[in-house]
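# What the coordinates show
These are the residues of each chain, in order.
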Amino acid sequence: QSLTQQKLLTWLSVLECVEVFAEMGTARVWGKMSRWTIIVLIQLAKAILRLLLLLRYRAGIQTSPPIVPLNREQQQPLHPQGIEDNCSEKDQTYVGKRSSRVVRSLQSTPSLQSRHWGSPQQREELQSRRAEEMNQPPTPLGLQATIAESLYITCPLLHLLSLGVWGQRLWKPWILSAVVDISSLSLMSNLKDLNRRERVELRRRTLLLLYYLLRSPFYDRYSEGWILHLLRLLTDHVPGVGFVTRPLMDYLPVWQKIYFYNW
């Protein structure tokens, strides 16, 4: 990746980390109108950054979060530096005479924090496979897949525009957003040879379609009653569940109204 592309990914990650706080803080300090203003500005900035990555830098299917968090367990060395310098490859493992099983020798045992309970060969194979998966270049997207990814990127802006035109209580914004999301996934369904990171991202987007059950007006007219009824049944008939379901019932209306958590 070029330095400019890395900066775009960094700014995009920062926006995704602070957008909920920015929305709630703006609503608390300046009111509802300012809240919608900051929502529009942040979503517009995110769409511009994602379109730049897609169209100019050919970033392919973009994940969320844009920068994959560092897994420190995967980054730990197989052997501590001192042991690696003092022990030969032969001394680091022991092969059983009857079972032919490879085990780590006591001399090459790492510290408890970096200890891996498999054989060194398994650890090396696992690290190399994960490193290869992380370093795979994005799959080149054709015209159809590029249109699908562009639809996914611009869906929040289309939804905001429809809310401004029709309001929050009508079905048109809900239907428009659902059609755009489903269309994007349908156009992506024919893609082959995707790497593991991209396949995980498409599965995540598919599961996020369940959020439409929690979005107004569907939630206000259908889901709310069924969800609260189910939570009350669990609270009344399953011992110990009330510690979780009671706070959930109190928090669900607040959570449902927070824009970024659902859209």
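The structure under discussion appears in the preceding block.
About the cut-offs
- Residues numbered from 1 in each chain as written.
- Predicted model: local features only at pLDDT ≥ 70, side-chain atom pairs only at ≥ 80, totals over all residues.
- Heavy atoms only, no water.
- Helix = DSSP H or I, 4+ residues; strand = E, 2+ residues; numbered from the N terminus.
- Buried < 20%, exposed > 50% of the residue type's maximum accessible area, 1.4 Å probe, protein only.
- Areas by Shrake-Rupley, 256 points an atom, 1.4 Å probe, with all protein chains shown as cover.
- Axes fitted to C-alpha atoms, helices over the stretch in contact; angles between N-to-C directions.
- Parallel < 35°, antiparallel > 145°, perpendicular 65-115°, else oblique.
- Nonpolar A, V, L, I, M, F, W, Y, C, P; charged D, E, K, R; others polar.
- Core = buried A, V, L, I, M, F, W, Y, C linked by side-chain atoms within 4.5 Å.
- Contact = heavy atoms within 4.5 Å.
- Phe/Tyr/Trp six-rings, centres within 6.5 Å; stacked < 30°, edge-to-face > 60°.
- Lys NZ or Arg CZ within 6 Å of the ring centre and 35° of its normal.
- Salt bridge = Lys/Arg side-chain N within 4 Å of Asp/Glu carboxyl O.
- Expected span 1.5 Å × (residues − 1).
- Arc of directions from axis to C-beta.
- Bend = angle between axes of the 7 residues up to and from the residue.
- Left-handed = near helix turned anticlockwise from the far one by under 90°.

### A closer look at the overall build of the chain
Check the secondary structure of the chain and you find eleven helices and two strands. Counting all 263 residues of the chain, 35% fall into the buried class. Carbon together with sulfur atoms contributes 61% to the accessible area of the chain, which is approximately 17,400 Å² in total.

### Overview of the packing of helix α6 (residues 143–166) against helix α7 (residues 172–188)
α7 packs onto α6 with a crossing angle of 175° between their chain directions and a minimal axis gap of 8 Å. Classified by the interaxial angle, the pair formed by α6 and α7 is roughly antiparallel. Looking at the contact of α6 with α7 residue by residue, the class counts come to 14 nonpolar, five polar and three charged.

### Focus: the nonpolar core
For soluble globular proteins, nonpolar side chains are generally found buried alongside one another. Listed in full, the ten residues of the largest apolar core are A47, L54, I61, L141, A145, A148, I153, M188, L194 and L202. The leading source of residues in this core is α6, at three residues. Setting aside chain neighbours within four positions, we find M188 in contact with I61, A145, A148, E149, L202 and R205.

### Let's talk about the packing of aromatic side chains
In total, this model carries six aromatic pairs according to the counting rule given. Measuring from ring centre to ring centre gives 5.7 Å for W174 and Y212, while their planes differ by 90°; the resulting arrangement is edge-to-face. Residue W174 is located in helix α7, and its partner Y212 is located in the loop between α8 (196–207) and α9 (218–237); the two are separated by 38 residues in the primary sequence. Of the two residues, W174 and Y212, both sit in the buried class. Clustering of aromatic rings is evident, with ring pairs tying together W171, W174, Y212, F218 and Y222. In this structure, R35 packs its charged tip against the face of W36, placed 5.0 Å from the ring centre. Above the face of the Y212 ring, R215 is positioned so that its terminal group lies 4.0 Å from the ring centre.

### With respect to the pattern of salt bridges
All told, the structure shown has six salt bridges when counted by the stated rule. A salt bridge links R50 to E16; the shortest N-O distance between them is 2.5 Å. Highlighted residues: R50 in helix α2 (residues 32–55) and E16 in helix α1 (residues 3–30), separated in sequence by 34 residues. We classify E16 as buried; its relative accessible area is 19%. For R205, the salt bridge goes to E149, with nearest N and O atoms at 3.0 Å. One end of the pair, R205, is in helix α8; the other, E149, is in helix α6, with 56 residues separating them in the sequence. Each member of the pair R205 and E149 is classed as buried. Each of the salt bridges in this network shares a partner with another, and the network as a whole consists of E149, E201, R204 and R205.

### Overview of the side chain of E149
With relative accessibility at 0%, the residue E149 sits in the buried group. The contacts of E149, once residues within four sequence positions are left out, are L54, G60, I61, Q62, L141, S184, M188 and R205.

### Examining α7
Its 17 residues place the ends of α7 24 Å apart at the C-alpha level, agreeing with the 24 Å of an ideal helix rising 1.5 Å per residue. Looking only at α7, the buried set comprises P173, W174, S177, A178, V180, D181, S184, L185 and M188. Each buried residue of α7 sits inside an arc of 160° when the element is viewed along its axis, so together they form one side. The inward-facing, buried residues of α7 contact α6, α8 and α9.

### A closer look at α9
In this model, α9 (20 residues) spans 28 Å end to end at C-alpha, consistent with the 28 Å of a helix rising 1.5 Å per residue. Roughly 40° is the biggest bend found in α9, and it falls at E224. Among all positions in α9, only Y219, S223, L228, L231 and T235 are buried. Check the buried side of α9 and you find it contacts α10 (242–257).

### Brief notes about the packing of α2 against α6
Relative placement of two packed helices is described by the angle separating their axes and the distance separating the axes. Across the interface, α2 lies against α6 with an axial gap of 10 Å and an inter-helix angle of 165°. Overall, the two elements α2 and α6 adopt an arrangement that is roughly antiparallel. Seen from above, α2 lies across α6 with left-handed handedness. Packed against α2, whose contacting residues are W36, I39, V40, Q43, L44, A47, R50, L51, L54 and L55, the element α6 presents T146, E149, S150, I153, T154, P156, L157, L160 and L163 at the interface. For the contact of α2 with α6, the residue count by class is 13 nonpolar, four polar and two charged.

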